[in-house]
Every structure is written in C-alpha cells, then in structure tokens.
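# An overview of the molecular structure
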Amino acid sequence: MHASTSSRARRALVLGLAGLLAAAGVTVASGTAEAASTLGAAAAEKGRYFGTAVAANHLGEAQYVSTLNAEFNSVTPENEMKWDAVEPSRGSFSFGNADRIVSHAQSRGMKVRGHTLVWHSQLPGWVGGLGAADLRTAMNNHINQVMGHYKGKIHSWDVVNEAFQDGGSGARRSSPFQDKLGNGFIEEAFRTARAADPAAKLCYNDYNTDGINAKSNAVYNMVRDFKARGVPIDCVGFQSHFNSASPVPSDYQANLQRFADLGVDVQITELDIEGSGTAQANSYGNVVKACLAVSRCTGITVWGITDKYSWRASGTPLLFDGNYNKKPAYSAVLTALGGSSGGNPGNPGGATCTATYSKQEEWSDRFNGKVTITAGSAAITGWTTTVTVTSPQRISATWNGSPTWDSSGNVMTMRPNGNGSLAAGASTSFGFTVMKNGNSAAPVIGGCTAS
C-alpha cells in the first residue's frame, strides 16, 4: 500500500526534526516504525513527552534506573531543586543532588522540568524572617542563581507554585512572598525568570485547578491578565492528584482547553491517581486522552515511578507496583498514547534469535534502516545486537530500542527499551537514521544474542 502525499510529507518532517533533535543528544521516536512499546516513545510519536518525578537517592537502585531509562523521556526532580535544598542558608547554594538528576537526564536525552523556584512550602527558615526589601532581593537572587546554574538545561520551570488558596474565595495564599510583597510578586518572579534563562518555558503550577472552579478561575484570570499585559508566561501546570474523593473532573479537558486558548501551553505535572485495577486504569486513560485532545497539552509527568516510593504509597497511585511490575493503569496509558506492549513471555532455555537489516526511506543526506529481530524455535525474554556504521557516517536518531555506543561512536549496541520477550518465531524491530556525510554504505549488523 502506498503512503499518501500528506503522510510522506509528515514522515519527512518528523525525520527532519529527528535529525535536529538528535544533534542535541535526544533519542527520537519515529512515526514510521511499528507501534511504540514504551510510554516515552509512544508520547513522542504524539509530539509530547511522558515524564516522571525522580529522587536522587534512588538513582543507585538498578530497577529504579532501568525503569526510568526505558519508559520516560522527561524528569522532574522531586525535592532536589526546592529552596530548602539548593539555598539552605542565604547566598549559600548546594546543587549536588539536583545536578545528579540533571546529568542523568541529559545523558539519556531526556527533558528536565525545573521544580520549583518560588513556593510557600519547603522554605528554609531564614526566608520568612526577612523584611520586604530583603525578601524581594533574596527572591530575585534565588531565581537568578538557580536558573543561571541550569541555563540551557531546563525545558520548563515551575516559576511560582501553589500561590492561590483552596476553596471558593479565589484569593491568594498567605506566604512570606504574598504577605510582604503583595500580588505583584508573581509577575516579578516571571519577569526575573525570563531574563535569567530566555530559552526556558516559564510555568505557573498548582493543584485542585484541574476542573473549572473558583481556584482555577482565579489562576485563569491571572494568566489572561499576564498575556494581555505582556508578562512572560509560557505554560500552566496542572498537578492532577486524584483519588475517589477527588476524581478526574468531567470538565478536565475543557479546563485544559480554555487555558490553552489564552495562548499558553498546558502540562500535566504531578499526575497520580489512587486506586487499583480497572477503575484506576480508566482514570489514567481518560487523563491521557484529555491531554491528546488539547493540541497545546505538551506533556504528562507522573509523580514517581513505583508505588513504594510514592508520597501517597498507601493509595498505590502510580503505573508500576512496588516490584516494578506494570499495572493495568500502565497498559491503559500506553494504549491511550497509541502504543503497544507486544511480545509474550516464555522460557528462554535454548533461546536463539536472528537480526536482519533492510533499508527504508532515503534522502540526499540520510537514510533510515530497520533491523528485525526474530526469535528462534524457543521463546526469548531479551535480545541484543550491534549496528556498525562507516565513518564519517553517524546514527542521528533511533526508535523502539535502547542504544549504547562504543568510544568511537560508530558501533551501536541495541537492546529492547521495555519488555524484550518474544514468542517462538515472533518478531519485533527497531529503526535508526544514518546521516551519510558523503558515505552511502549500508551498516553492518552483528549477530543476535538471545536471553
């Protein structure tokens, strides 16, 4: 079956963008391959990110890191960028734990959301003791120092977090900033942030604003005013912490859309949904579908990887259980994103596999390759193979696999980026883009090793 002109043009655009993103170290999912098998890859095929909150003190745990690396393409530090962590005493900054998260994300081509610059909570005691003039100086210095340290490394910053009261008043929350600097502190924080890192998206982030209510109306009115007056704001974050008493609101999508209609991106920033089984899965699926229905909903972040480390652990609110098993909610999210888990677990005894190469699309400066992995007469639970290109060729993008590279950059070892199981005789595939740099030679595919 021949692709339509529009679909060919769309694939060419996707691949052109893939080359640009890959130059920045980003692993890119392509819409020309089979259905993506991980959250991040499936979201990327929809033009969005799928992220998670990360704690530096879990980065030494193998399952935590392997799940993070396989499934997500954006991270938010849980606590490591909050004021008490990075400026515990005035003018004395400590970035070690936050740096660890950022470095890990950058090494995997993941986006980073910065969280958070100005917030009433997790403030060191010295902040609340300042007078108005000193507090203004300290707030602006904190923004400048933290954003300056990470300049060019952060996709989106939660500049101000949770500045409005709960309930029906729509009033601002009492905080040192509100009480001493007044309503203008939010605008000032955003103006300072824009100057500190002009390339970063600047977000306002809050909870219990997921549906249309007094609190979200107050935020909406602030954002509308900011846009009208040219105050720099690029995005609004909706935390989306749900449970049976506070379920996904029926007007969730409509609320996201009305904010998007103001000319800002919307992001789901701290998603977790207490519950289990089908009910939890349906709720997660509905959140993803709402985001996909709003063109300016640019990504989703779940607030943690595994239930055992969730701040709401007793409510089992995440996509992986305490043993890193995928829950029904995971499958609902992947399906809503258009992905497919594929494969069937089996006995790896006597396991073998083959790797076969075929050239796909070709342009003047690059071509796509596809490697098909086929299990032998016994089921396999994992596989690995190598792809070697001839210098000065380079691989600029990959999809449906988890690549590592040798020191020369010419040999790529590819493994599954999720469940690597294949039934006997079953196949899967991964793809990549090769920048020719004057050389059109086909890559050399190594043997396939099964487990």
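Computed from a predicted model, the values in this text were never measured in an experiment. (Residues numbered from 1 in each chain as written. Predicted model: local features only at pLDDT ≥ 70, side-chain atom pairs only at ≥ 80, totals over all residues. Heavy atoms only, no water.)

## A word on the overall build of the protein chain
Within the protein chain, the secondary structure is distributed over 13 helices and 18 strands. Relative to the 2.2 N^0.38 estimate, which gives 22 Å for 451 residues, the radius of gyration of the protein chain is 23 Å and therefore close to what a compact globule would have. The C-alpha extent of the protein chain, read off along each of the three principal axes, is 70 × 50 × 45 Å. Taking the intrachain contacts of the protein chain between residues at least 6 apart in sequence as the baseline, contacts between residues at least 24 apart amount to 75%. (Helix = DSSP H or I, 4+ residues; strand = E, 2+ residues; numbered from the N terminus. Rg over C-alpha atoms; globule rule 2.2 N^0.38 Å. Contact = heavy atoms within 4.5 Å.)

## Some remarks on the confidence of the model for the protein chain
Averaged over all residues, the pLDDT of the protein chain equals 89, while 90% of them reach at least 70. Taken as a whole, residues 1-33 scores under 50 in pLDDT and shows 45 contacts with residues more than four places along the chain or in a different chain. (pLDDT = per-residue confidence, 0-100.)

## Some words on helix α9 (residues 184-196)
Here α9 is 13 residues long and its end C-alpha atoms lie 18 Å apart, about the 18 Å a rise of 1.5 Å per residue gives. For α9, the full list of buried residues reads F185, I186, E187, A189, F190, T192, A193 and A196. The elements touched by buried residues of α9 are β3 (111-119), α7 (132-149), β4 (156-161), α8 (176-181), β5 (201-206) and α10 (214-229). (Expected span 1.5 Å × (residues − 1). Buried < 20%, exposed > 50% of the residue type's maximum accessible area, 1.4 Å probe, protein only.)

## Quick word on the pattern of salt bridges
In the structure shown here, the tally under the stated rule is 19 salt bridges. Residue K326 pairs with E71 through a salt bridge whose shortest N-O separation is 3.8 Å. Of this pair, K326 sits in the loop between β9 (297-302) and α13 (328-336) while E71 sits in helix α3 (residues 62-71), and the two are 255 residues apart along the sequence. R113 serves as the salt-bridge partner of D158, at 2.7 Å between the closest nitrogen and oxygen. One end of the pair, D158, is in strand β4; the other, R113, is in strand β3, and 45 residues separate them in sequence. The pair formed by D158 and R113 is uniform in burial state, with each residue classed as buried. (Salt bridge = Lys/Arg side-chain N within 4 Å of Asp/Glu carboxyl O.)

## What to know about the nonpolar core
With 96 residues, the main nonpolar core has F50, W157, V160, F190 and L319 as its most contacted residues. One finds I373, V389, L422 and V434 within the second-largest nonpolar core, a separate group that totals 17 residues. (Core = buried A, V, L, I, M, F, W, Y, C linked by side-chain atoms within 4.5 Å.)

## A short note on the environment of W383
Here W383 lies in strand β12 (residues 383-388). A relative accessible area of 6% places W383 in the buried class. Considered as a pair, W383 and S451 are 68 residues apart in the sequence and their alpha carbons are 6.0 Å apart.

## Section: empty space enclosed by the protein
Applying the stated criterion across every chain, the model contains two cavities of 30 Å³ or more. Of the pockets and cavities examined, the largest cavity occupies roughly 70 Å³. V118, W119, H120, V160, N161, E162, A163, R173, S175, F177 and F185 together form the lining of the largest cavity. Elements with a contribution of two residues or more to the lining of the largest cavity: β3 and β4. (1 Å grid on protein atoms, 1.4 Å probe; cavity = no way out; pocket = protein on both sides within 12 Å on 5 of 7 lines; lining within 4 Å. Points joined across faces, edges and corners; volume = space filled by probe spheres on them.)

## Focus: the side chain of R48
Its place among the elements puts R48 in the loop between α2 (39-45) and β1 (49-54). Contact partners of R48, with chain neighbours within four places excluded, come to A43, N73, C291, L292, V294, S295, C297, T298 and G299.

## Examining the state of the cysteines
Counted under the stated rule, the structure contains three disulfides. Disulfide partner of C203: C235, at an S-S distance of 2.0 Å. Handedness of the C203-C235 disulfide follows from its S-S torsion of about -80°: it is left-handed. Of the two residues, C203 sits in strand β5 while C235 sits in strand β6 (residues 235-238), which places them 32 residues apart along the sequence. When the bonded cysteines of the protein chain are numbered from the N-terminus onward, they pair as 1-2, 3-4, 5-6. (Disulfide = S-S within 2.5 Å.)

## So, the packing of helix α12 (residues 277-293) against α13
Orientation of α12 relative to α13, taken along the N-to-C sense of each, is 25°, at an axis distance of 8 Å. Classified by the angle their axes make, α12 and α13 are roughly parallel. For α12 against α13, the interelement crossing comes out right-handed. When α12 is examined against α13, the residues G277, Q280, A281, Y284, G285, V288, K289 and L292 are found in contact with a partner set consisting of P328, A329, A332, V333 and A336. Here the contact of α12 with α13 is built from residues that sort into nine nonpolar, three polar and one charged. (Axes fitted to C-alpha atoms, helices over the stretch in contact; angles between N-to-C directions. Parallel < 35°, antiparallel > 145°, perpendicular 65-115°, else oblique. Left-handed = near helix turned anticlockwise from the far one by under 90°. Nonpolar A, V, L, I, M, F, W, Y, C, P; charged D, E, K, R; others polar.)

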